[in-house]
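Coordinate analysis (summary)
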Amino acid sequence: QVQLVESGGGLAQPGGSLRLSCAASGILFSSNAMGWYRQAPGKQREPVAIMNSFGGTSYADSVKGRFTISRDNAKNTAYLQMNSLKPEDTAVYFCRLFSGRFDYWGQGTQVTVSS
């Protein structure tokens, strides 16, 4: 059974940092594309950062230069380092692992940016 479990969310002040983790079981991160998405109240879920199976990355314009996606294949875990956080980054953040044959999502972790 495939499971993606996010952690690391919480409350941060504007300008602060958080690092989200996504631990996978039942499947290997290394040979698949993965991404971080977020959904704010009343808004649609949107992509934040994507990493393809070759390690190439892409970011939403709103987070470029502030967020970094990475993965540790040995730990089968992906990360989202979030710096210079803004109140508009407040959302539930989801991890996704996908290919042409499957599409798995984590349960999400809440990130709140507020003073």
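Calculation notes
- In this numbering scheme, every chain counts its residues from 1 along its sequence in written order.
- Owing to the predicted nature of the model, reporting of local features is limited to residues with pLDDT of at least 70; listing and counting of side-chain atom pairs is limited to 80 or more, with chain, interface and lining totals taken over all residues.
- Side-chain figures throughout are based on the complete set of non-hydrogen atoms in the structure, without hydrogens or water.
- By nonpolar core is meant a set of buried Ala, Val, Leu, Ile, Met, Phe, Trp, Tyr and Cys residues that side-chain atoms within 4.5 Å join together.
- Per-residue accessibility, obtained with a 1.4 Å probe over protein chains only, is compared with the maximum for each type, and a residue is labelled buried under 20%, exposed over 50%, and partly exposed between these values.
- Numbering goes from the N terminus for both helices and strands, where a helix is a DSSP run of H or I of at least four residues and a strand is a run of E of at least two.
- Contacts are residue-level and defined by heavy atoms, with any inter-residue pair within 4.5 Å sufficient.
- The criterion for a disulfide is a pair of cysteine sulfur atoms lying within 2.5 Å.
- Think of it this way: DSSP has to see at least two bridges between two strands before they count as a pair.

Things to note about the nonpolar core
- Counting residues in each nonpolar core, the largest one holds 28 residues, and the members touching the most others are Phe 29, Met 34, Trp 36, Phe 67, Leu 80, Met 82 and Tyr 93.
- If you list the elements that add at least two residues to this core, you get strand E3 (18-25), strand E4 (33-39), strand E5 (46-51), strand E7 (67-72), strand E8 (77-82), strand E9 (91-98) and strand E11 (109-113).
- Setting aside residues no more than four positions away along its own chain, Met 34 makes contact with Phe 29, Ala 49, Ile 50, Met 51, Ile 69, Arg 71, Ala 78, Cys 95, Arg 96, Leu 97 and Phe 98.

Digging into the state of the cysteines
- Evaluated as defined, the whole model comprises one disulfide.
- Here Cys 22 connects covalently by a disulfide to Cys 95, the sulfurs 2.1 Å from one another. With the S-S bond torsion at -80 degrees, the cross-link from Cys 22 to Cys 95 turns out left-handed. Highlighted residues: Cys 22 in strand E3 and Cys 95 in strand E9, separated in sequence by 73 residues. One exposure class covers both Cys 22 and Cys 95, and it is buried.

As for the side chain of Thr 77
- Relative to the helices and strands, Thr 77 resides in strand E8.
- Here Thr 77 falls in the buried class, since its relative accessible area comes to 9%.
- Apart from the residues lying within four places of it in its own chain, the contact partners of Thr 77 are Ser 21, Cys 22, Ala 23, Phe 29, Arg 71 and Asp 72.

Focus on the pairing of E4
- Burial within E4 is extensive, with six of its seven residues counted as buried.
- As judged from the seven bridges shared by E4 and E9, these two strands associate in the antiparallel manner. Pairing of Met 34 across the sheet is with Leu 97, part of E9.
- A loop of six residues connects E4 with E5, the two strands running antiparallel in sequence, and Gly 42 in this loop sits at a positive phi of about 75 degrees.

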